Amino acid sequence: MPPDIHAVNEYTLNEVTNNQSSVSTRMTVKEYKRIGEGAFGTVVEAVLKYADGTDVHSEWLGPFAIKRVPAQTEYKSRELEILRLVNHPNIVSLRFYFDKASSSSHDKTIYQNLVMECLPSNLQSEIKYYRQSKYTIPYPHMKAYTFQLARAMLYLHGFGISHRDIKPSNILVDPSTVVLKVCDFGSAKKLEPNQPSVSYICSRYYRAPELIVGCSLYSTKIDIWGLGCVVAEMFLGKPIFQGQSPESQLKEISKLLGPPPNTFFFKSNPQYRGNMYTTKLFSCTVEERFRQIFSNSPPDAIDLLLKILVYDPDMRASPRRVLVHPFFNELKKKEFQVYPRGSSEPIQLNLFNFSEFELSLLGSLKDELLAR
Ligand SMILES: Nc1ncnc2c1ncn2[C@@H]1O[C@H](COP(=O)(O)OP(=O)(O)OP(=O)(O)O)[C@@H](O)[C@H]1O
Ligand SMILES: [Mg+2]
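Chains are numbered independently. Their residues run from 1 in the order of the written sequence. Each chain is given a letter, starting from A, and each ligand a number, starting from 1, according to the order in which they appear as written. The predicted nature of this model means local features are confined to residues of pLDDT at least 70 and side-chain atom pairs, given and counted, to a pLDDT of 80 or more, with totals for whole chains, interfaces and linings taken over all residues.

For the protein, the name recorded in an unreviewed UniProt entry is Serine/threonine/tyrosine protein kinase involved in chromosome segregation, with Scheffersomyces stipitis as its organism.

Given below as structure tokens:
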């Protein structure tokens, strides 16, 4: 057990379901640390052990992260459904799940508990850590993180699933292994062609322009916009588009991309009646503007961002296009290695262990990506 145990909460439940086998058994849960407090729930660190009377299973398993949210009564939880479906090295894995009534006598709510693998940090904390010491995340780490994020998106989008809340705090990382895993599927949804979805999703700074103007037939490309914002934030140390209101978020974007074209409004939402920010706020070209804003960033990173931060979602890079971008060439070199934070021992990363499913999604770009 970790030594820093505070306010331990231990309980035994009759039905804890193992995600892999779908078998429910009696298990003891020991919670010892709060690690996250979100808009919808709480995340605690915990260990679990089998309590079905068989000695073989008496070891504590974990540590895990348990996310607790009020259980849905009317419809099935999309978060559980999606986490049960996915299996990818860059997506947080679900190990167990259970329902449990609140321990408070006044509160009759049933809570859904998702027991996931636990990672020590997230990108928001990492960006903040480096900013405080006036640095950015080292470039090789940024490349490795971005590549893994794009891989998670290739996979998710391959199922038609959009995460719909890409932002640094929903991206878990382990700085000692430079492994990245996307978490928080509380907003995720499988998007069906020609089926409208709500446009008021994603956190403000990371919302794609089509969502800001109220588009309801959007695509998984909204996640790619979020990826672009996350990459920009790793380079700048702070969110790139910090709108003070939902609408002025579009103004912040226009300060980098120029005014949105008229066709953009028509294509996204012909009913949009808000401010169109038609005045150009800089005199140079968009490419020059990117070079001004990202003045300390390498040219290949700027070129990648120019292909991602694009108004028209159809023109915005797809996950497979992101993965083959020259920004990642360094990762392909046989001798590529990274130094984890605070370590003088370099490590090698396993970034190219693509599954058959991923290779099929890469299609004609497969050879380009695997040429080393
Ligand atoms: N598997 C995990 N391992 C480690 N930390 C985690 C894990 N899952 C979540 N966390 C931490 O808990 C925080 C909240 O989790 P999550 O984003 O899933 O909840 P949420 O309530 O939907 O949050 P929000 O509304 O802020 O987006 C995350 O930002 C992360 O720091
Ligand atoms: Mg979250």
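Asker: So what exactly am I meant to see when it comes to the site of ligand 1 here?
Answerer: Neighbouring ligand 1 are 21 residues, the closest being G36, G38, A39, A65 and D184. Only DSSP runs of H or I reaching four residues or more are called helices, and only runs of E reaching two or more are called strands; each is numbered from the N terminus. Broken down by secondary-structure element, the contributors of at least two residues to the shell around ligand 1 are β2 (24-37), β4 (61-70) and β6 (110-117). Three residue categories are used. Nonpolar comprises Ala, Val, Leu, Ile, Met, Phe, Trp, Tyr, Cys and Pro, charged comprises Asp, Glu, Lys and Arg, and polar comprises the others, including Gly. For the shell around ligand 1, the per-class residue count stands at 11 nonpolar, 7 polar and 3 charged. These domain boundaries are the output of an automatic or database domain assignment. Built from parts of two domains, the shell around ligand 1 gets at least three residues from each of domain 1 (15-117) and domain 2 (121-370). Proximity of a residue to a molecule or strand is defined by its backbone-placed C-beta atom lying within 6 Å of that partner.

Asker: For this particular structure, what's the right way to read the sheet that holds β6?
Answerer: Remark on secondary structure: sheet strands pair via backbone hydrogen bonds, oriented parallel or antiparallel. When DSSP locates at least two bridges between a pair of strands, those strands are taken to pair. Sheet architecture is closed into a barrel: 6 strands sit in the order β1-β2-β3-β4-β6-β5, paired in antiparallel fashion. Sheet twist, expressed as the mean angle between neighbouring strand axes with direction ignored, is 40 degrees. As defined by bridge partners, strand β1 (residues 9-18) adjoins strand β5 (residues 94-101) across 2 bridges and the pair is classed as antiparallel. Within β5, the position partnered with N18 by the bridge is F96. Contact between residues is assigned whenever the C-beta positions, reconstructed from backbone atoms, fall within 7 Å. As a rule, the C-alpha atoms of each element are fitted with a line to give its axis, helices using only the stretch in contact, and angles between N-to-C directions run from 0 to 180 degrees. Across the sheet, helix α1 (residues 78-85) is in contact with β5 and β6; its angle to β6 comes to roughly 25 degrees.

Asker: Looking at this structure, how should I read the domain arrangement of the protein?
Answerer: Quite often, the size of an interface is put as the accessible area lost when its parts meet. The domain boundaries assigned to the protein delineate domain 1 (15-117) and domain 2 (121-370). Measuring from the centre of the C-alpha atoms in domain 1 to the corresponding centre in domain 2 gives 30 Å. Contacts between the two partners involve 10 residues from domain 1, matched on the other side by 15 residues from domain 2. Within the side of domain 1 that touches domain 2, the residues separate by chemical class into 6 nonpolar, 2 polar and 2 charged.

Asker: Would you mind showing me how to read α1 here?
Answerer: An α-helix turns once per 3.6 residues; consequently, residues spaced three or four apart project the same way. Each residue is classed by its C-beta neighbour count within 10 Å, where at least 20 other C-beta atoms makes it buried, 12 or fewer makes it exposed, and intermediate counts make it partly exposed; the C-beta atoms are placed from backbone geometry. All of the buried residues along α1 are E79, L80, I82 and L83. In this structure, the buried side of α1 is in contact with β5, β6 and β8 (161-162).

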